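Chains, contacts and geometry: an overview
Residues per chain are reported as follows:
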Amino acid sequence: MPDMDLVTTPPRTRVRHHMVWIVASLLFGLGSWLIGQGAWIHLKAVTAQWLLHQAWQETLTSQQPVKPWAWADTWPVGKLTIPRLGTNQIILADASGQSLAFGPGKVGKGKFSGKDSESLILSGHRDTHFSFVQDLQVGDVLTLQTLQGNWLNFSVENTAVVDSQEVTLTSNHEGGMLQLITCYPFDAVLPGGPLRYVVTAKLAARKLSLKPRLLPTPLEAQEEGA
Amino acid sequence: MNSRRPHAFLLMCCMMSSWIGGLTLPSVAAQTTQEPRQESVGKKPKGGVLLKTATGKNPISAPLLNTTVTMTISGLIARTTVSQEFSNPSEEWAEGVYVFPLPNQAAVDHLRMKIGEQIIEGQIQERAQAKKTYAKAKAKGQRASLVEQERPNIFTTSVANIAPNAPIIIEIEYQEVVRYDQGQFSLRFPMVVGPRYIPGQPQDIEEDSSSPQGLGWAPNTDQVPDASRITPPVQHPSRGLINPIALHIDLAPGMLLQNIESPTHPITLTKQETNSYHVSLQDVSTYAERDFELIWTPLSHETPQASVFTEQHEGETFLFLQLMPPTSSDSKTITIPREVVFVIDTSGSMGGKSLTQAKAALSLALSRLTPQDTFNLIQFNSVTHSLYPIARQASGSRIHEAQRYLKGLQATGGTEMLPALRQALTRPSDSEESLRLRQIIFMTDGLVGNEEALFALVQRELANTRLFTVGIGSAPNGHFMRKAAQFGKGTFTYVGSTTEVQEKMNNLFLKLEHPALTDITIQSVDSTIAEILPDPLPDLYNGEPLTVAFRTTTLPTSITITGKHGGRPWETTQSLIDAKSRGGIAVHWARQKIAQLMDQGTQKKDKTLLRQSIIDLALKHHLVSRYTSLVAVDVTPVRPEAQPLHTHGLKTNLPNGMKQEAIFGWPQTATPATAYLVIGSMLLCLTWIWSRRHHAHG
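Attention here is on the structure that accompanies the text. Computed from a prediction, not measured in an experiment: that's the story for all the values here. (Residues numbered from 1 in each chain as written. Chains lettered and ligands numbered in written order. Predicted model: local features only at pLDDT ≥ 70, side-chain atom pairs only at ≥ 80, totals over all residues.)

Turning to the overall build of chain A, a few remarks are in order. Scanning chain A from N- to C-terminus turns up 3 helices and 8 strands. From first element to last, N terminus to C terminus, chain A shows the α and β order α-β-β-α-β-β-β-β-β-β-α. By the burial criterion, 36% of the 226 residues in chain A qualify as buried. Here the analysis covers contacts within chain A between residues at least 6 apart in sequence; of these, 57% occur between residues at least 24 apart. (Helix = DSSP H or I, 4+ residues; strand = E, 2+ residues; numbered from the N terminus. Buried ≥ 20, exposed ≤ 12 C-beta atoms within 10 Å, placed from the backbone. Contact = placed C-beta atoms within 7 Å.)

So this is what it looks like as structure tokens:
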């Protein structure tokens, strides 16, 4: 019997050898593809913002919705900056899955032209654009540039985790609020959990920044540059 | 050693999958257990109320609701008592506010508040006055209840000062006329207000102080100024069903029956003496999450030709007449070419079963078209999209194209109905094309808050078009279905399940393809009738009876009814001598009159005059209307002044078959990037380790 084994082993090993290499290359291929997909999501998030900044400049000049690229389904409606964290992001008109890949989006029908009575909810991906949200602290200043070019300052009032199955997302009845929503926990590997992290900021010193002095609007910066 | 390699591979696979499993575990745990979630929620926040919470901001348990419905149907008229038991499981005093549906033609005329043995009868008052009466009693610590009408089919019960562990029972009584159509009697009892889509811009609270404020999930908007009152908070389906409901019906049909059935719920049927039946729900744990429908079919020779009832009320005579015109199923089908516009609602609330039903129904309707007809197919959600820019000839290939388009439709987004309806009502400019018989078949759950704007549009733009509504899903908006069809001079039908599609649609085809009885007038031979409702009398489609309410001083002995059937004159004379006297006929007339006045209001900006007429009428007949409410107050204060009262907006279920995410979805705010990177890296590591091992041993 051992003799028999010796005779038959070589071809079997060869077959197995081939199999192993096929499986290994498949796994390698799949692994590389997944890494590519992951990297692509981040690359898209960064590149899109770059294009969006350009579209936002045009929006401010023309006062018309400007599509960041020809086939885009969405357009910029505002700019959010957090001076302390050095964050600078363009906000999109809606919060659909396609739009959030490119930037944070406005949720629902809220609008903000600068009135105390208006409120705005923004949402973004916890692992790309809105990863900074976890670093926000009470008292932090959020600055929002409106379509009219005005800069509005908000200060963070509180942060909380809510269960999206318990709480209905709706436009706020209370005015003068800016809320940022993103998924929670921040370090979860898989998407799709029910928890959300919500940062609420209240409008502060509105009049002060209507005519920007210290912070030039991009429009002015552009003119100066030109 | 060779033989161990596959084992090593398997082992590694197991390790890898358990690692991934471990990574997903936190979110899985959060989904399955409630306690850990609250702990994890508790750690991070620094307090404060955030978004408007639909579940109520306070941690105090809301009152629980238990509903019992008792119905007595005798002949054509049904009287129903809806008994809502509010119990307070908390240690604090509570006010419960419950938004619930009733049949869209219900004439609500009684309210009783029961506390133990004590019964307090409700009073009818002008709405603002009733609100004041209620608020005053509430502040004084007296038990009080208020029943208001938000829409003809949406009502609000408010109950103040419910003591801990001492339930209050609110009994609401209403009357309605059962529907008779194509040889069958039917009655629908809605159990839940489906989530309405609210178009428009949110209103500022300061600017908006005149609009009524409610506890709903939607803010009032410029297009729906009372949105917060018609959008009761919704329980997430994963939390289980709430609001148990029991139903008891005593049915005395007044004729021999062939069949009694409910297409919506399994029922227990008990035959009693003297040709009457008792119907109850088979399932003892039924929850308010879908409409209930009961259908009874008389033996064919028993089908009544006419029913006449009369009642004397405060010196006036009221009369109710239901008459079967000669059935037209034997008559010829329509031969003039038609232009059929199909409209299908593909908003988020149609997701799941509803869209499947709508597609099946529409597909069937498409197959009925003939090459002489033209057609178009319009879908709408947040945006409107049509298959063709204008109606096209219904050739075989085009029908095929339409079927393919239909198959690909998906339900998502809002319910912007106005643009879709406007497009459907737009008539072809070609004069030859405009000779066609235009029919719109509108398939929707009707779950919108701006009904009046839609009715006004239909009234304005209708011309020669006829609008037929098909109510889809488990809890459609019956008010929209009936009224849109009424203003559209068509008719309405319901499709509640896929098994019903064939039968219900066939009934609709009979109406679409046979000539209607039009230009109906009623004249009395020997005395004048002061008022006939509805006014104008509607066209009658295949299988529909003529149902009218009269108010008069002296009862005529007979009346003549004339009309046109397929262009030919039609006439019949009905004797009224045998009219039987019975209760509820005056109330029926008053409810019809209020509906007519409300209809007039859809076109008018200034409603002051109409409003006053409605108030006068409703107060006289003890009826709840948009402008009048029932209020009941217990004289003795029970809540000590020092103890606070907590207000709770009671939650409702999401209608059966709907998906929470499709309607109230939060944005998905995480990408799969990390998961891709982690799993991808693991696979690469695995390949590397494995190939190393292979080299070492090979």
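With that settled, consider the overall build of chain B. Secondary structure summary: chain B contains 13 helices and 33 strands in total. Residues classed as buried in chain B amount to 44% of the 698 residues present. In chain B, once contacts between residues fewer than 6 apart in sequence are set aside, the share between residues at least 24 apart is 74%.

Looking now at the sheet that holds strand S10 (residues 179-181) of chain B. Hydrogen bonding along the main chain pairs the strands of a sheet, whether they run parallel or antiparallel. Residues and elements named next belong to chain B. A sheet is described by the order of its strands in space; here 4 strands give the open sequence S10-S11-S16-S13, paired in antiparallel fashion. Looking at strand neighbours, the two that pair on one side only are S10 and strand S13 (257-261), the edges of this open sheet. Neighbour to neighbour, the strand axes of the sheet diverge by 20° on average, direction disregarded. Alignment of strand S11 (residues 184-189) against strand S16 (residues 292-298), held across 5 bridges, turns out to be antiparallel. Paired with Leu187 across the strands is Leu294, a residue of S16. (Pairing = 2+ DSSP bridges. Axes fitted to C-alpha atoms, helices over the stretch in contact; angles between N-to-C directions.)

With that out of the way, let us pick up the sheet that holds strand S5 (residues 118-121) of chain B. Residues and elements named next belong to chain B. Strands sit in the order S5-S4-S9-S2-S1-S12-S15-S14 across an open sheet of 8 strands; the sheet is mixed. The open sheet has two edge strands with one neighbour each: S5 and strand S14 (267-272). For this sheet the average axis-to-axis angle between neighbouring strands, irrespective of direction, equals 15°. Here 6 bridges tie S14 to strand S15 (residues 276-281), and the two strands are oriented antiparallel to one another.

All names here are of chain A. Of note, Thr61 is situated in helix H1 (residues 2-62). Taking the C-beta count within 10 Å as the criterion, Thr61 has 14 such neighbours and is therefore assigned partly exposed. Taking C-alpha positions, Thr61 is 41 Å from Leu34, a pair spaced 27 residues apart along the chain.

Quick look at unusual backbone geometry now. Glycine aside, the phi torsion of most residues is negative, and most peptide linkages are trans. In this structure, Pro185 of chain A follows Tyr184 of chain A across a cis peptide bond, with omega equal to -5°. The residue Pro185 of chain A is located in the loop between strand S7 (177-183) and strand S8 (195-204) in this model. Going from Leu533 of chain B to Pro534 of chain B, the amide bond is cis rather than trans, its omega being -5°. On the secondary structure map, Pro534 of chain B appears in the loop between strand S27 (531-533) and strand S28 (546-552). Of note in this structure, Ala463 of chain B is not a glycine but carries a positive phi near 50°. Among the residues examined, Ala463 of chain B registers 9 C-beta atoms within 10 Å and is labelled exposed. Within the chain, Lys489 of chain B stands out as a residue other than glycine whose phi angle is a positive 50°.

Our next topic: the pairing of S5 of chain B. Residues and elements named next belong to chain B. Pairing analysis gives 4 bridges linking strand S4 (residues 107-115) to S5, with the strands arranged antiparallel. Each residue of the ladder has a partner; that of Ile115, found in S5, is Gln118. Joining the antiparallel neighbours S4 and S5 is a turn of 2 residues, in which Gly116 adopts a positive phi near 60°.

Val108, Phe342, Val343, Ala361, Ile441, Met443 and Phe468 of chain B are the most contacted members of the largest nonpolar core, which totals 146 residues. The element contributing the most residues to this core is helix H10 (residues 585-601) of chain B, with 8 residues. Judged by nonpolar contacts, the second largest core, of 42 residues, contains Ala45, Leu80, Val198 and Val199 of chain A. (Core = buried A, V, L, I, M, F, W, Y, C linked by C-beta atoms within 7 Å.)

The subject of this paragraph is the pairing of strand S3 (residues 93-101) of chain B. All names here are of chain B. Summarising burial for S3: 9 of the 9 residues are buried, a large majority. Burial of S3 is two-sided: the residues Trp93, Glu95, Val97, Val99 and Pro101 facing one way and the residues Ala94, Gly96, Tyr98 and Phe100 facing the other way are all buried. Summarising the sheet, S3 and strand S33 (residues 645-649) pair through 5 bridges and their orientation is parallel. Each bridged residue has a counterpart across the sheet, and for Trp93 the counterpart in S33 is Leu645. The pairing of S3 with strand S8 (residues 154-162) spans 7 bridges and is antiparallel. Each residue of the ladder has a partner; that of Val97, found in S8, is Ser158.

What follows concerns the environment of Thr356 of chain B. If you trace the backbone, Thr356 of chain B turns up in helix H4 (residues 353-366). For Thr356 of chain B, a count of 17 C-beta atoms within 10 Å puts it in the partly exposed group.

Take helix H11 (residues 608-620) of chain B next. An ideal rise of 1.5 Å per residue puts 18 Å on 13 residues; H11 of chain B measures up with 18 Å between its terminal C-alpha atoms. Following H11 of chain B by one or two positions, His622 of chain B has its phi on the positive side, about 60°. (Expected span 1.5 Å × (residues − 1).)

Moving on to helix H9 (residues 501-513) of chain B. Residues and elements named next belong to chain B. Between its terminal C-alpha atoms H9 stretches 18 Å, which fits the 18 Å expected from 13 residues at 1.5 Å a residue. Residues Val501, Lys504, Met505, Leu508, Lys511 and Leu512 constitute the buried set of H9. Along the axis of H9, the buried positions cluster into a sector of 110°, meaning they face one direction only. Seen from the open side of H9, the exposed residues pointing more than 90 degrees away from its buried face are Glu503 and Asn506. Looking at the buried side of H9, the elements it contacts are H4, strand S23 (437-444), strand S24 (466-472) and strand S25 (492-495). (Arc of directions from axis to C-beta.)

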